[in-house]
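Structure at a glance
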Amino acid sequence: MEPLLKVNDISKEFPGVKALDHISLEVHQGEVLCLAGENGAGKSTLIKVLSGIYIPEAGEIWFDGKLCNFKKPQDSLEAGISVVHQEHKLIENLTVAENIFFGRFPMKNGLVDFKKMYADTEEIIEKLGLHIQARMVVESLTSSQSQMVEIAKAYSRNAKLMILDEPSSSITDTELEVLLALINQLKKEGKSFIYITHKLKEMFVIGDRVVVLKDGKKSGERSMEGLDVDQIVAMMVGRDIGKVFPPKNRKIGKEILRVEHLANGLSEDISFSVRHGEIVGFAGLVGAGRSEIAETIFGYRKRTGGKIFIDGEEVDIRRPKDAIRAGIGFVTEDRKKTGAIQNKSVAFNITFAQIQSIMKHGFLSTKLESEITNSFIKMLKIKTPGIHQEVQNLSGGNQQKVILSKWLMTKSKLLICDEPTKGIDVGTKQEFYQILSQLAGEGVAIMLISSELPEIIGLSDRVYVLRGGSIRKELSGDELSEENIADYAMKD
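Below or above, wherever it landed, is the structure these notes cover. (Residues numbered from 1 in each chain as written. Predicted model: local features only at pLDDT ≥ 70, side-chain atom pairs only at ≥ 80, totals over all residues. Heavy atoms only, no water.)

Glancing now at the overall build of the protein chain. Scanning the protein chain from terminus to terminus reveals 17 helices and 24 strands. In terms of overall dimensions, the protein chain has a C-alpha envelope of 70 × 50 × 50 Å along the principal axes. Counting over 492 residues, the protein chain shows a buried share of 52%. At a minimum sequence separation of 6, the contacts of the protein chain that also span at least 24 residues come to 66%. (Helix = DSSP H or I, 4+ residues; strand = E, 2+ residues; numbered from the N terminus. Buried < 20%, exposed > 50% of the residue type's maximum accessible area, 1.4 Å probe, protein only. Contact = heavy atoms within 4.5 Å.)

As structure tokens, then:
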């Protein structure tokens, strides 16, 4: 039987980078093909070629028995390919129904037929077994529900192939089960999927086959049957990554941060401390208040009560500028909105927080800017064609390294890292773990917020477990286990 999608020798180049180098793959009807690879391996570029955003320099795309020449996204959509992006592209102030049928509203007498639109949406929702209503406004939905709307939108277009880009990056395990059940349901109807995730264990739950990319080339293709995580990692990174987490043999110094009875509207009476050279983890379920505490300390969120002390001195932090002045850096969860200025260069993003230090006689020293930027590129192994490359053109892992470089340049003595490895591949994750451990070894204090329990346990000297906006338990030593963290995060 002919494959639904057949990609033959696709190549795509950018200045200084061969993003795709003669890539070939197939997707069959009713199949889930997993796509794996480190950040910068070519996954995003391949998606954009298949969705008509990029036009390849060489190669062919055959879809549903036809040779395709996608010159714009509409061409791909009309052929039957739909992409559910990691960052959802719904219109927040419109209803579920309006989003599903946006751009192709049913019409009656020259006007939008809202009755039919809502009826058709409810029919789709019922068929897919979704727990949402057609008239709900999208801004009121959870991330998981928004994702379901994206899938419903693709389904309403009768998409034959759905490409899911990091679908589990912002949802809970329970929501993931619902998503995977929906994919299995649609598989039975003959729908096909390309499933992209850095959480390799998911591939074994949902995937039929896996194609692995490395440096723009296909480095492996296997059936999921009989495969294990280590084999996928070996194809991804081309090396044995060995022990994932560095040893915790750091010298811990005096207290740098003390928080007493902090309140911010969601959390009340939060008290904790962090010492020089220490990595302190903050664990808990989504909505437990971890990020909100970090945002309050950094001045993103209003503090309604309590005190913050840096090196024993009380500080009044009302905005990020106050936190930076106090020696605090913040690697935020959302690198696209609050972490980096996407349409600015690597050099600008690394240096702008300390722009005064590279000024001479009131003018920017391009020589100094270049020297500093290149030093961070070398130190953190940032993959970029040059210092003037816009950050939005880098892979997620390299964007995160640019953001980290910015705070290293400010010489932050307390670094808050909120989900620092979200959406980052296994090889780059290990590099981040080494970097964070090295920084702590040099005396930097680190607050680590992560939803990945192995990450929290593997890096942290101590862990605070949060539930319902309050700290329920402090764990350290032999107490640090996934079972203990889960127990305190969920029990009353």
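Another point: the pattern of salt bridges. Counted under the stated rule, the structure contains 27 salt bridges. Where Asp120 meets Lys116, a salt bridge forms, and the shortest distance between an N and an O atom there is 3.1 Å. With a gap of four residues between them, Asp120 and Lys116 both fall in helix H4 (residues 114-128), about one helical turn apart. Classification of Lys116 by relative accessible area gives partly exposed; the value is 41%. (Salt bridge = Lys/Arg side-chain N within 4 Å of Asp/Glu carboxyl O.)

As a volume, the second largest pocket reaches approximately 370 Å³. Taken together, 18 residues make up the lining of the second largest pocket; nearest its centre are Leu77, Ser82, Val83, His85 and Lys89. Elements with a minimum of two residues in the lining of the second largest pocket: helix H2 (73-79), strand S6 (81-84) and helix H5 (143-156). In terms of residue class, the lining of the second largest pocket is built from nine nonpolar, five polar and four charged. (1 Å grid on protein atoms, 1.4 Å probe; cavity = no way out; pocket = protein on both sides within 12 Å on 5 of 7 lines; lining within 4 Å. Points joined across faces, edges and corners; volume = space filled by probe spheres on them. Nonpolar A, V, L, I, M, F, W, Y, C, P; charged D, E, K, R; others polar.)

Attention shifts here to the nonpolar core. Grouped together as the largest cluster of nonpolar side chains are 73 residues, with contacts concentrated most on Leu257, Phe272 and Ile297. Not counting chain neighbours up to four residues away, the residues in contact with Ile297 comprise Leu257, Val259, Phe272, Ile308, Ile317, Ala323, Ile328, Ile416 and Met447. Met117, Leu164, Leu180 and Met224 belong to the second largest nonpolar core, which has 49 residues in total. (Core = buried A, V, L, I, M, F, W, Y, C linked by side-chain atoms within 4.5 Å.)

The next point concerns the sheet that holds strand S17 (residues 313-315). If you walk across this open sheet you meet the four strands as S14-S13-S16-S17, and the pairing is antiparallel. For this open sheet the edge positions go to strand S14 (270-275) and S17, each flanked by a neighbour on one side alone. Strand-to-strand twist in this sheet, taken as the mean axis angle between neighbours without regard to direction, amounts to 20°. Taken together, the five bridges between strand S13 (residues 255-263) and strand S16 (residues 305-310) define a ladder with antiparallel strand orientation. Each bridged residue has a counterpart across the sheet, and for Val259 the counterpart in S16 is Ile308. (Pairing = 2+ DSSP bridges. Axes fitted to C-alpha atoms, helices over the stretch in contact; angles between N-to-C directions.)

Here H4 is 15 residues long and its end C-alpha atoms lie 21 Å apart, about the 21 Å a rise of 1.5 Å per residue gives. Contacts made by the buried residues of H4 are with helix H3 (96-100), H5 and helix H6 (173-188). Looking one or two places after H4, you find Gly129, whose phi comes out positive at around 70°. (Expected span 1.5 Å × (residues − 1).)

Its place among the elements puts Gln399 in helix H14 (residues 396-409). In this structure the side chain of Gln399 is engaged in a polar contact, spanning 3.1 Å, whose partner is the backbone oxygen of Leu394. (Polar contact = N/O pair within 3.5 Å; in protein donor to acceptor, adjacent residues only side chain to side chain.)

The subject of this paragraph is the packing of H14 against helix H15 (residues 426-441). For any two helices packed against each other, the geometry is given by the interaxial angle and the distance between the axes. H15 packs onto H14 with a crossing angle of 10° between their chain directions and a minimal axis gap of 11 Å. Judged on the interaxial angle alone, H15 and H14 are roughly parallel. Within the contact between the two elements, H14 uses Gly397, Gln400, Lys401, Leu404 and Leu408 and H15 uses Thr428, Glu431, Phe432, Ile435 and Leu439. Of the residues that constitute the contact of H14 with H15, the class distribution is five nonpolar, three polar and two charged. (Parallel < 35°, antiparallel > 145°, perpendicular 65-115°, else oblique.)

Judged from the five bridges that link them, S13 and S14 form a sheet pairing that is antiparallel. Within S14, the residue paired with Leu257 across the bridge is Val274. Following S13, the chain reverses through six residues before pairing antiparallel with S14; Gly265 in that reversal takes a positive phi of roughly 100°.

Once that is clear, we can look at the environment of Ala294. Residue placement: Ala294 occurs in helix H9 (residues 290-298). Taking relative accessible area as the criterion, Ala294 reaches 0% and is therefore assigned buried.

Here the focus is helix H13 (residues 366-380). Spanning 15 residues, H13 covers 21 Å between terminal C-alpha atoms, matching the ideal 21 Å at 1.5 Å per step. Of the residues making up H13, those classed as buried are Glu369, Ile372, Thr373, Phe376, Ile377 and Leu380. All buried residues of H13 fall inside an arc of 140° around its axis, so they share one side. The outward face of H13, more than 90 degrees from its buried face, is lined by the exposed residues Lys367 and Lys378. Lys381 lies just past H13 and shows a positive phi near 55°. (Arc of directions from axis to C-beta.)

It is the contact of H5 with H6, at a shortest axis distance of 10 Å, that shows an interaxial angle of 10°. As the angle between them shows, H5 and H6 are arranged roughly parallel. Here H5 contributes Ser144, Gln147, Met148, Ile151 and Tyr155 to the contact with H6, which in turn contributes Glu175, Val178, Leu179, Leu182 and Leu186. Classifying every residue of the contact of H5 with H6 gives seven nonpolar, two polar and one charged.

Relative to the helices and strands, Ser11 is located in strand S1 (residues 5-14). For Ser11, the side chain forms a polar contact with the main-chain nitrogen of His22, separated by 3.0 Å. Ignoring any residue separated from it by four or fewer positions in sequence, one finds Ser11 in contact with Leu20, Asp21, His22, Pro56, Glu57 and Ala58.

Attention now goes to the packing of aromatic side chains. Tallied over the full model, the rule gives 12 aromatic pairs. Here the aromatic rings of Phe114 and Tyr118 are separated by 6.4 Å at their centres, their planes lie at 25°, and the arrangement is stacked. Placement of the pair is Phe114 and Tyr118 together in helix H4, with a separation of four residues, close to one helical turn. An angle of 10° between the planes, with centres 5.3 Å apart, marks the rings of Phe348 and Phe352 as stacked. We classify Phe352 as partly exposed; its relative accessible area is 31%. Of the aromatic side chains, those joined through ring pairs into one cluster are Phe298, Tyr300, Phe330 and Trp407. Across the ring face of Phe309, the terminal group of Arg258 is positioned such that the distance to the ring centre comes to 4.3 Å. The residue whose ring lies beneath Lys344 is Phe348, and the NZ or CZ to ring-centre distance is 5.4 Å. (Phe/Tyr/Trp six-rings, centres within 6.5 Å; stacked < 30°, edge-to-face > 60°. Lys NZ or Arg CZ within 6 Å of the ring centre and 35° of its normal.)

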